[in-house]
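Tertiary structure, described
Here are the chains, one letter per residue:
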Amino acid sequence: MLSRGASRLKSALGRSCKQPAQTCAFSEEALSRYCTGGYHPVRIGDGFNAGKYKVLRKLGYGVYSTILTAESYWSGHDTFELEVLRHVRIQGTSHRGANHILGLLDEFEHRGPNGNHMCLVVKPMGPDMTKYRRLFPKARIPLPMLLLALEFLHDECGTIHTDIKPQNILLETPAINKMFECAPSEVFTPQLPPLAPPNDFYHPSEQLSSGEQDLATATDISIRLADFGTASWVDKHLTEWIQPQMLRAPEVILGAKWDSKVDIWNVGLVIWELAEGSLVFDGTWTSTAPYTAEAHLAQMEAVLGCIPKSLLARSKDGDRFSDHEGGQLTTYAWLFATQNLQLSAAEKTSFLEFIQSMVKLDPEERPSASKLLEAQWLKSA
């Protein structure tokens, strides 16, 4: 279950898993993306990999793929992701963080009218953290599991995720797993019709919900980190285009060398976003202005102080954003204070200190995932 319909998911949680959830209105991919080099046109009932997989329902789409249910099916064409997931799978599951990675179950190549498509098969999951927190704002954030996933990726796999955001942190519970394992195939029958021929491959996205458990009171929630489409090796970058724009680390914006500490920066900002419901930095000068890297860096300095001269010195684009003295060319007034958390004054201070330990302008000052797992705030939260 990959839920995009947050407004409908809460009511759907009370239904039996033998009944399909109500259809929700989603933002859909552009039909023009079904072209040479683009998405593969998939019709409900299509078979793949010599009949091993049969498509039951469209769940949604991503930058590189459409996401469908066929036992568990993800079609795409990003070979970087396949290379990384193969490597992660080889590392085994003995590390305590391995079970918090959405790993690869199967893979195959499919040739269609728009070219060759590398298809990745992964486990079906529950809603992402954005939807979960929107529905249940007082629910606990399973942060230790995310840090365990990063400890496994960084220390055991030599891999940097580079795209940590709430949408890539997916939930699962025994009830959700049971729904996918036990529900009859008719449960997955689409409730909405496709477009008329010849575009009858274009289906609305529809999700399912488990009726056996209310996520608001569940105590057995687990998470898995998903989407390795822009992941890189610690010792060799597979791409330099990384991180969601407004979650980018300063070294990435400045064109400096980066490493696994970009993931730590992302985690700090994601925790704040989930806890407060807003971004720390939005990279704009005003509410109606477009994103600019200059505004983004100015906001960082307003909150965290001047960008270290050592970082500017090793940055390709440092001169573009600073004067000859290493100072910021433009300034920005910004406030970093928790508004929504129901915490005591001491707890808020501890929470902010924990986040700020990850959101350091100098990546060398950010702790590792292993070190963060020892933080006092996690033990007392």
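Quantities reported herein were computed from a predicted structural model and do not represent experimental measurements. (Residues numbered from 1 in each chain as written. Predicted model: local features only at pLDDT ≥ 70, side-chain atom pairs only at ≥ 80, totals over all residues. Heavy atoms only, no water.)

1. Description of the overall build of the chain
A count of helices and strands for the chain gives 13 helices and 11 strands. Within the chain, the fraction of its 381 residues that count as buried is 55%. In the chain, of all internal contacts separated by at least 6 residues, the share reaching a separation of at least 24 is 70%. If you sum the accessible surface of the chain, you get close to 17,500 Å²; carbon and sulfur atoms cover 51% of it. (Helix = DSSP H or I, 4+ residues; strand = E, 2+ residues; numbered from the N terminus. Buried < 20%, exposed > 50% of the residue type's maximum accessible area, 1.4 Å probe, protein only. Contact = heavy atoms within 4.5 Å. Areas by Shrake-Rupley, 256 points an atom, 1.4 Å probe, with all protein chains shown as cover.)

2. Some points on the environment of Phe-152
If you trace the backbone, Phe-152 turns up in helix α4 (residues 143–156). Each C-alpha atom of the pair Phe-152 and Asn-99 lies 9.6 Å from the other, and the pair is 53 residues apart in sequence. Other than its neighbours up to four places away in sequence, Phe-152 contacts Val-88, Gln-91, Gly-92, His-95, Gly-97, Ala-98, Ile-101 and Cys-157.

3. A few points about the environment of Ser-65
Positionally, Ser-65 belongs in the loop between β3 (57–61) and β4 (66–69). With 25 residues separating them along the chain, Ser-65 and His-40 place their C-alpha atoms 8.3 Å apart.

4. Description of unusual backbone geometry
Pro-197 connects to Pro-198 through a cis peptide bond whose omega is 10 degrees. You can see Pro-198 is positioned in the loop between α5 (174–182) and β10 (222–225). The phi dihedral of Thr-162 is positive, around 70 degrees, even though this residue is not glycine. Summarising the element assignment, Thr-162 is placed in the loop between β8 (159–160) and β9 (169–172). Backbone geometry places Gln-243, a non-glycine residue, at a positive phi of 70 degrees. Mapped onto the secondary structure, Gln-243 falls in the loop between β11 (232–233) and α6 (250–253). A residue is classified by how much of its surface remains accessible, and Gln-243, at 10% relative accessible area, is buried.

5. Thoughts on the packing of α4 against helix α7 (residues 261–276)
Running from amino to carboxyl end, α4 crosses α7 at an angle of 170 degrees, the nearest separation of the two axes being 12 Å. Between α4 and α7, the crossing angle belongs to the class labelled roughly antiparallel. On α7, the residues that touch Leu-143, Leu-146, Leu-147, Leu-150 and His-154 of α4 are Asp-263, Ile-264, Val-267 and Ile-271. In the contact of α4 with α7, the residues fall into seven nonpolar, one polar and one charged. (Axes fitted to C-alpha atoms, helices over the stretch in contact; angles between N-to-C directions. Parallel < 35°, antiparallel > 145°, perpendicular 65-115°, else oblique. Nonpolar A, V, L, I, M, F, W, Y, C, P; charged D, E, K, R; others polar.)

6. Some points on the packing of α7 against helix α11 (residues 345–358)
The N-to-C vectors of α7 and α11 enclose an angle of 145 degrees; their axes lie 7 Å apart at closest approach. Touching Ile-264, Trp-265, Val-267, Gly-268, Ile-271, Trp-272 and Ala-275 of α7 are Phe-351, Leu-352, Phe-354, Ile-355 and Met-358, all from α11. Residues belonging to the contact of α7 with α11 are distributed by class as follows: 11 nonpolar, one polar and no charged.

7. Here's the deal with the confidence of the model for the chain
Per-residue confidence for the chain gives a mean pLDDT of 79; residues scoring 70 or more make up 79%. Low pLDDT, under 50, characterises residues 1–25; the stretch is placed with 76 contacts to residues that sit more than four places away or in other chains. Overall, residues 72–77 carries pLDDT values under 50, and its contacts beyond four positions in sequence, including any with other chains, amount to 35 contacts. (pLDDT = per-residue confidence, 0-100.)

8. Digging into the side chain of Glu-151
Checked against the element boundaries, Glu-151 lands in helix α4. Using a relative accessible area of 8% as the deciding quantity, one classes Glu-151 as buried. Among the polar contacts made by the side chain of Glu-151, one reaches the side chain of Arg-96 at a distance of 3.2 Å. (Polar contact = N/O pair within 3.5 Å; in protein donor to acceptor, adjacent residues only side chain to side chain.)

9. Some words on the pairing of strand β7 (residues 115–122)
Burial within β7 is extensive, with seven of its eight residues counted as buried. As defined by bridge partners, strand β6 (residues 104–112) adjoins β7 across eight bridges and the pair is classed as antiparallel. Opposite Leu-104, over in β7, you have Val-122 as the bridge partner. Connecting the antiparallel pair β6 and β7 is a turn made up of two residues. (Pairing = 2+ DSSP bridges.)

10. Quick look at the pairing of β10
As a general feature of sheets, a regular strand has side chains that alternate between the two faces. Neither face of β10 is open: one carries Ser-222 and Arg-224, the other Ile-223 and Leu-225, and all of them are buried. Pairing of β9 with β10 involves four bridges; the strand directions are antiparallel. Counted as the bridge partner of Leu-170 is Arg-224 from β10.

11. Section: the nonpolar core
Ranked by internal contacts, the top residues of the largest apolar core, which has 77 residues, are Leu-143, Leu-225, Val-267 and Phe-354. Of all the elements, α7 adds the most residues to this core, at 10 residues. When neighbours within four sequence positions are excluded, Leu-225 is seen to be in contact with His-100, Ile-101, Leu-102, Leu-146, Ala-149, Leu-150, Leu-153, His-161, Ile-164, Asn-168 and Ile-169. (Core = buried A, V, L, I, M, F, W, Y, C linked by side-chain atoms within 4.5 Å.)

12. Quick word on the environment of Leu-192
Looking at the secondary structure, you find Leu-192 in the loop between α5 and β10. Here Leu-192 falls in the partly exposed class, since its relative accessible area comes to 31%. Sequence separation between Leu-192 and Pro-204 is 12 residues, and the spatial gap between their C-alpha atoms is 6.7 Å.

13. Points about the side chain of Thr-284
Looking at the secondary structure, you find Thr-284 in the loop between α7 and α8 (293–304). Take Thr-284: its relative accessible area is 10%, and that puts it in the buried class. A distance of 3.1 Å separates a polar side-chain atom of Thr-284 from the backbone oxygen of Thr-286.

14. A short note on α7
Every α-helix winds through 3.6 residues per turn, so residues three or four apart in the chain are directed the same way. Counted at 1.5 Å a residue, the expected span for α7 with its 16 residues is 22 Å, and the 23 Å between its end C-alpha atoms agrees. Judged by how many residues are buried, α7 sits mostly within the fold: 15 of 16 residues are covered. Just past α7, the residue Gly-277 takes up positive phi, approximately 75 degrees. (Expected span 1.5 Å × (residues − 1).)

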